[in-house]
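# Report on the structure
Below, each chain spelled out in residue letters.
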Amino acid sequence: MASSEGFLTDGQRELLKIASQNAENLSSSPKSPSSLLSDHHVKAPAGGKSQTSGIAVRHVRRSHSGKYGKVKKDGAGGKGTWGKLLDTDIDSHIDRNDPNYDSGEEPYQLVGTTVTDPLDEFKKAVVSIIEEYFSNGDVELASSDLRELGSSEYYPYFIKRLVSMAMDRHDKEKEMASVLLSALYADVISPAQIRDGFFMLIESSDDLAVDILDAVDILALFLARAVVDDILPPAFLARARKALPESSKGVQVIQTAEKSYLSAPHHAELVERRWGGSTHITVEEVKKKIGDLLREYVDSGDTLEACRCIRELGVSFFHHEVVKRALILAMEIRSAEPLMLKLLKEAAEEGLVSSSQMVKGFSRLAESLDDLALDIPSAKALFQSFVPKAISEGWLDASLTKPATEDGEIQEDEKVRKYKKESVTIIHEYFLSDDIPELIRSLEDLGAPEYNPIFLKKLITLAMDRKNREKEMASVLLSALHIEIFSTEDIVNGFVLLLESAEDTALDILDASNELALFLARAVIDDVLAPLNLEEIGSRLPPKCSGSETVRMARSLIAARHAGERLLRCWGGGTGWAVEDAKDKIMKLLEEYESGGVVSEACQCIRDLGMPFFNHEVVKKALIMAMEKKNDHMLDLLQECFSEGLITINQMTKGFTRIKDGLDDLALDIPNAKEKFGFYVEHAQSKGWLLPLFDSPATDA
C-alpha cells in the first residue's frame, strides 16, 4: 500500500521500472519517433509525488480527434485514457485456469529488433563492387554486379561513393572511375542519376576537404572530365552553382572546373590525359615495360618478383603480349628458355595469366613465325617444341590450333594478300604526305574496287595505332573516298569487317573499342554514314559481341548534346572545324579573291582549309557568288582548282548538283539564276569539269 505521503510500495516500484524500460525500448525503435513519446515521459514532481508513476507506453491512447488524451491528476483517467495503472492490488495476478482468462491481458515485453535500411545495405554492397573493380579493372564485371544488385533508385549514391573513393587513391583509380562512369552512362545509370550523383558530390565538398587536402581540385577535374566525356551537360555546372551557398566549397569546385579545365585551349585532350590512366597508356609503353621486366627476370631469376611486376602493370587483357615476348626471349637466349617456361607455368597456375590469354600469346607468335625465322633460324622448330611441353604440363589449352594467317583466315587468296600489302604501303605514304588526290590515284591504279572494304579496315586499324594526327587524317580521307570512289555499301562493309575483328584488334590496341566508336560516330557526323547505317551494321553482328557494344557506344556519342562539334574535334588534329566554321572561311576566301583577284593565293587558301572532302562547298559558293555579283571571274578560280587537281571532278559535280537541287529557292533571290546556271553548266561540260552522268537543267527550264 502507498502511504499518504505518496511513497510507493516495492511492487509498485517494480511495475514503474518495467514501464520505464518499455518506454525506453519504444523510444529507440525506428518505427516509434521520439516526438511521439516526448509528451509522455514519466516526470517526478517537485513535491515528491509521482504523477502516473507506472504509465507504460502501451496505455497511451489517441482520441478520434487525433489528439492525445492527457491523464488527470493522480492518474485517475479521463477522456481518452484507461484510468489509473496502479489502482490494482499488489497481490492480484492473472490465472490462466480462470474460465474468463484472456491472453490479451498477459503482460508483454517489447523485443528490440534491428531494422535494416535498404540504402545502408546498398552502400555496403557497392563498396565491395568498387574495391573489386579497382583491383581487376573489369568494367563489364562491375557493370554486371551493379545491375544484379538492383535498387536502381540508389545509383546516385554509387556515383558519389565511386568518385569519393577514387579521390583518395592514385591517378590510376581516378582514371578507372571516370572510365567506369562513361561505360555505365545511359546503359545502366540514367543521365538524371548521373547529374544527381555529381550534385551530391559537390554538396559534400566541405566534408571531403576535411580528409582530402586537394579535394576541390580533384573534384573539379572529375566534373570537367564528366563534361568532356559527355555524361554531364555543360549547363549542369551553372544550375548546380545556383543551388549552392556562395560560401560553400562546392562553388569553388565549379569555378575551378570552369576556369582551370574547361576554358583552356585543347581542354578536352588535356582533361582526358590528366590522370594518364590505364586507358591512355600507349601500346609501345606497355610493350617496353613488359620487355624490361622480362630482361630483369632473366638476370635475377626471381619468379615471384616477375609475377608481381606483371600484376602491377594492370593490363590483364594484354597478358598475351607477356606470353609472346617471353617465348621470343626464350628463342633468342637459349639459356633463358627454362626460366621463361617456368614463369609462364607459374603465371598460369596462380591465375595471373588466363588460359585464353595464354592461347592468344601462342597464336600470335605462331602468326609471326615466318618473319621471326629471318632473325632466329630455329624459331619454328623451337615453337613446335614449346607447344607440346606446355600442353603436357597443363598450362596451355590443348585446343590450340594451327596458326591462322592475317585477319584470321586459314587460307587466303593471293590477290587479296597482295592487295593488303600494297594498300598498307599507300596508307603509310598518305600519312607522310597528306596527299589525298595521290592516294585516290594509287587506289584507282590497283583496279580492285571490290576490295574497298578491306582498304577501309586497313586504314582505320593502322590509324588507331598511331597518334591523333593520323586518326584525324583517316577520318578526313574517309570522307573524301566516300565522295570520290567508295560507295556507302563499301563503307558499311568495311566497318562490319572492323567490328567483326574488334576483339583481335584489341590485342594490339588497348582502347580499340572506344576509338572504333569514335570513328563510327565521326563517319555519321561527316555524312559518310547515315544513322540508319549504324542499325544495319549492328544487325550484321552477334548481339553480345564487343563490336555490337561499340555500335551502341557510337549511338550514345551521336545522341549527346553538341555531338557534331565535339566529334569534329575528337582527335584534336586537322582543322577540327564545325561545318558552319568551314562555310564561313570558304565565304571569306572567295570574297577576298573577288576583291583581290589573285588566283594562286585563293587556291592556297582552299588548300590550307584541309577539308578536301568539303570542296564541293567551294564550288557551290563560288557559283552563287558569280550569279549574285554578275561576275564570271569565279569561273577562272574553279578552272585553276580543277587544273591543279585541287578540286576533283567528283567534288565539282557534287557542287553543281547541290546548286541544281536548290535552284528553285535560289531563283527567288536571283531572278535569272536558272539562265546563269545553264550557262555555267555548258562552260563546265566544255572544260571537262563534270561527270558525263550529270544532267543539265536547261531542258527543264
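Residues numbered from 1 in each chain as written. Predicted model: local features only at pLDDT ≥ 70, side-chain atom pairs only at ≥ 80, totals over all residues. Heavy atoms only, no water.

In this section: the pattern of salt bridges. Scanning all chains against the criterion turns up 24 salt bridges. Salt-bridge contacts for Arg169 lead to Glu131; the nearest nitrogen and oxygen are separated by 2.8 Å. Of this pair, Arg169 sits in the loop between helix H5 (155–167) and helix H6 (171–184) while Glu131 sits in helix H3 (residues 118–136); the two residues are 38 residues apart in sequence, bridging distant segments of the chain. Between Glu450 and Lys415 there is a salt bridge, and its shortest N-O distance comes to 3.6 Å. You can see Glu450 sitting in the loop between helix H21 (436–446) and helix H22 (452–464) and its partner Lys415 sitting in helix H20 (residues 414–433), a full 35 residues away along the chain. The exposure class of Glu450 is partly exposed, given its relative accessible area of 46%. (Salt bridge = Lys/Arg side-chain N within 4 Å of Asp/Glu carboxyl O. Helix = DSSP H or I, 4+ residues; strand = E, 2+ residues; numbered from the N terminus. Buried < 20%, exposed > 50% of the residue type's maximum accessible area, 1.4 Å probe, protein only.)

Turning next to the confidence of the model for the chain. Across the chain, pLDDT averages 78, with 76% of residues at or above 70. Contacts for the low-pLDDT stretch residues 26–73, under 50 throughout, to residues beyond four places or in other chains number 57 contacts. When the criterion is pLDDT under 50, residues 401–412 qualifies, and its contacts beyond four places in sequence or with other chains add up to 15 contacts. (pLDDT = per-residue confidence, 0-100. Contact = heavy atoms within 4.5 Å.)

So, on to a negative patch on the surface. The grouping of Asp168, Asp206, Asp207 and Asp211 at the surface amounts to a negative patch. Relative to the elements of secondary structure, Asp211 occurs in helix H8 (residues 205–211). When its relative accessible area of 65% is taken as the criterion, Asp211 is described as exposed. (Patch = residues over 30% accessible without salt bridge, like charges linked within 9 Å, V, L, I, M, F, W, Y side chains within 5 Å. Areas by Shrake-Rupley, 256 points an atom, 1.4 Å probe, with all protein chains shown as cover. Lys, Arg positive; Asp, Glu negative; His and termini not counted. Charge placed at Lys NZ, Arg CZ, Asp CG, Glu CD.)

A few words on H21. Every buried residue of H21 is accounted for by Ile436, Leu439, Ile440, Ser442 and Leu443. Projected down its long axis, H21 shows its buried positions confined to an angular sector of 160°, all on one face. Of the residues flanking the end of H21, it is Gly447, one or two places downstream, whose phi is positive at about 60°. (Arc of directions from axis to C-beta.)

Taken together, the buried positions of helix H31 (residues 599–609) are occupied by Ala602, Cys603, Ile606 and Leu609. Projection of H31 onto a plane perpendicular to its axis shows the buried side chains occupying an angular sector of 110°, all on one side. The exposed residues of H31 that point more than 90 degrees off its buried face are Ser600 and Asp608.

The next thing to look at is the environment of Ala517. Topologically, Ala517 is positioned in helix H26 (residues 512–525). Given the relative accessible area of 0%, Ala517 is considered buried. Placed 38 residues apart in sequence, Ala517 and Arg555 show a C-alpha to C-alpha distance of 8.4 Å. For Ala517, the residues in contact, after removing those within four places along its chain, are Thr550, Met553, Ala554 and Leu557.

Angle between the axes and distance between the axes: these two values describe a pair of packed helices. Contact geometry for H22 and helix H24 (residues 488–500): axes closest at 8 Å, N-to-C directions at 55°. Compared by their axis directions, H22 and H24 come out oblique. Between H22 and H24 lies a crossing whose hand is right-handed. Together, Asn452, Pro453, Ile454, Leu456, Lys457, Ile460 and Thr461 of H22 and Asp490, Ile491, Asn493, Gly494, Phe495, Leu497 and Leu498 of H24 make up the contact between the two elements. Considering only residue class, the contact of H22 with H24 consists of eight nonpolar, four polar and two charged. (Axes fitted to C-alpha atoms, helices over the stretch in contact; angles between N-to-C directions. Parallel < 35°, antiparallel > 145°, perpendicular 65-115°, else oblique. Left-handed = near helix turned anticlockwise from the far one by under 90°. Nonpolar A, V, L, I, M, F, W, Y, C, P; charged D, E, K, R; others polar.)

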